[in-house]
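Next come the chains, spelled out residue by residue.
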Amino acid sequence: MKNRGKRVFNFGAGPAMLPVSVLERVTEGLIDFRGLGAGVIEISHRSKPFMDLMDSVQHRFRALTQLPDDYEVLLMPGGARMQFAALAMNFARLKPQAKAKYVVSGSFSQHAATEASKYLHVETISGDPSFKSLPEVREEQIDPACSYVHLTSNNTVYGTTFSTFPATRGVPLVVDATSEILSRPMDFSRFGMIYAGLQKNLGPSGMAVVVVKKDLLGHALAETPSLLDYQRQAADGSLTNTINTFAVFVLDLMLEWLQGEGGVAAVYERNQQKAKLLYDYLDASTFYQPYCDPSCRSLMNVTFHLSDESATELFLAKAEQAGLYALKGYRSVGGIRASIYNPMPLEGVKALVAFMDDFAKNRATGAGVP
Ligand SMILES: *Cc1c(COP(=O)(O)O)cnc(C)c1O
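Residues numbered from 1 in each chain as written. Predicted model: local features only at pLDDT ≥ 70, side-chain atom pairs only at ≥ 80, totals over all residues. Heavy atoms only, no water.

Chemist: Tell me about helix H8 (residues 312–321), residues and numbers included.
Modeler: Residues of H8 that are buried include every one of Thr312, Phe315, Leu316 and Ala319, and no others. Projection of H8 onto a plane perpendicular to its axis shows the buried side chains occupying an angular sector of 95°, all on one side. With respect to the buried face of H8, the exposed residues turned more than 90 degrees away are Glu313 and Gln321. Those residues of H8 that are buried lie in contact with strand S11 (288–290), strand S12 (301–306), strand S13 (324–325), strand S14 (336–339) and helix H9 (346–365). Looking at the residues trailing H8, positive phi occurs at Gly323, about 80°. (Buried < 20%, exposed > 50% of the residue type's maximum accessible area, 1.4 Å probe, protein only. Helix = DSSP H or I, 4+ residues; strand = E, 2+ residues; numbered from the N terminus. Arc of directions from axis to C-beta. Contact = heavy atoms within 4.5 Å.)

The structure is reproduced here in structure tokens:
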């Protein structure tokens, strides 16, 4: 292989870094998939080799999540935000009143509520407007006449996570887990549906994995596009149209990688270690201020500010020179966001902490400051 240039530690929130070992196999498969003499994106999505790949994704995903048999795993076009509409169209009619409860805990959950309100009546539960902490969800707040309750489990922009899920009085719980899927063990039987765009923990953008309980299928609004109808996609094995074959290929390699790392529990252990290293450093520092309440900090997206905000641009520039890439916080939050998904190695977080410490010391002494 030609010189592939230097690899940085990439802290981008998504599309996010993938392991080099996976990327190398992607490259090989684009040229020659399993000895066919043709690349994986050049063969029919209904050919035997590709159907084997679809089966492999199903098996690996079910094994990694210990998924109960009464759930479908669908691969759907359009990324996570397409599901904001799709889930409302599929579930609005689960109950006659066609209403749903949305927990608003950050920017994606707000977008989800707004999109759903095109198709049904949306009620919200919200809390802290700065989204540094999570709204409290009490069971009494859930009207059993709701078709579903929607919640974003990890808030990518602000850096908060629901470590436990609320009781919902038998109303199906629908969870957007885009920025944390397969990063920690979860009891999937708690969910009516859980979905995730692939581009944070699982592969390329533009596709979502949708895990849906079978007994919720079959109620889609008549005007639901076939491609967004969960029952139709389940019946068609996610091949209602030509699936994004590239995304399926990368997803399978990512699931294989995760299995090789020891599965979700093993990766969760490492994710806790990575996040602890960073949060412990932030808590001990006066130079840096963590953004979120310690009770709900995300293991995936660590957000913080410099106490002297005027040094943020310099911090980002120097970080990039040091091979620490894409640390700029989201525009509504500012400051720094370090996204440390499954593929981020512990060494990457160690390098970040060492850089932060150097930067803080240099500012204090005036050394290395232009
Ligand atoms: C990134 C993200 C999305 C958006 O995903 P798209 O695939 O771009 O639609 C939605 N929800 C959450 C929680 C995210 O982190």
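Chemist: Any details on the sheet that holds strand S5 (residues 148–152)? Residues and values, ideally.
Modeler: Neighbouring strands of a sheet are bound in pairs by backbone hydrogen bonds; such pairs are parallel or else antiparallel. Strand order in this open sheet of seven strands is S2-S10-S9-S8-S5-S3-S4, and the pairing throughout is mixed. Lying at the two open borders of the sheet, with one neighbouring strand each, are strand S2 (71–77) and strand S4 (121–126). Strand-to-strand, the axes of this sheet are offset by a mean angle of 20°, without reference to chain direction. Of the strand pairs in this sheet, S2 and strand S10 (residues 207–213) are connected by seven bridges, and their pairing is antiparallel. The residue of S10 that forms the bridge with Tyr71 is Lys213. (Pairing = 2+ DSSP bridges. Axes fitted to C-alpha atoms, helices over the stretch in contact; angles between N-to-C directions.)

Chemist: Quick one: what's the story with the sheet that holds S14, residue by residue and with numbers?
Modeler: The sheet built from three strands is open, its strands ordered S11-S12-S14 with antiparallel pairing. This sheet does not close on itself; its edge strands, each paired only once, are S11 and S14. In this sheet, adjacent strand axes meet at a mean angle of 35° when their direction is disregarded. Summarising the sheet, S12 and S14 pair through four bridges and their orientation is antiparallel. Within the sheet, the bridge partner assigned to Phe304 lies in S14 and is Ile336. Across the sheet, H8 is in contact with S11, S12 and S14; its angle to S14 comes to roughly 35°. In the packing of H9 onto the sheet, the strands contacted are S11, S12 and S14, and the crossing angle to S11 comes to about 135°.

Bear in mind that shape data such as this cannot, by itself, settle questions of function.
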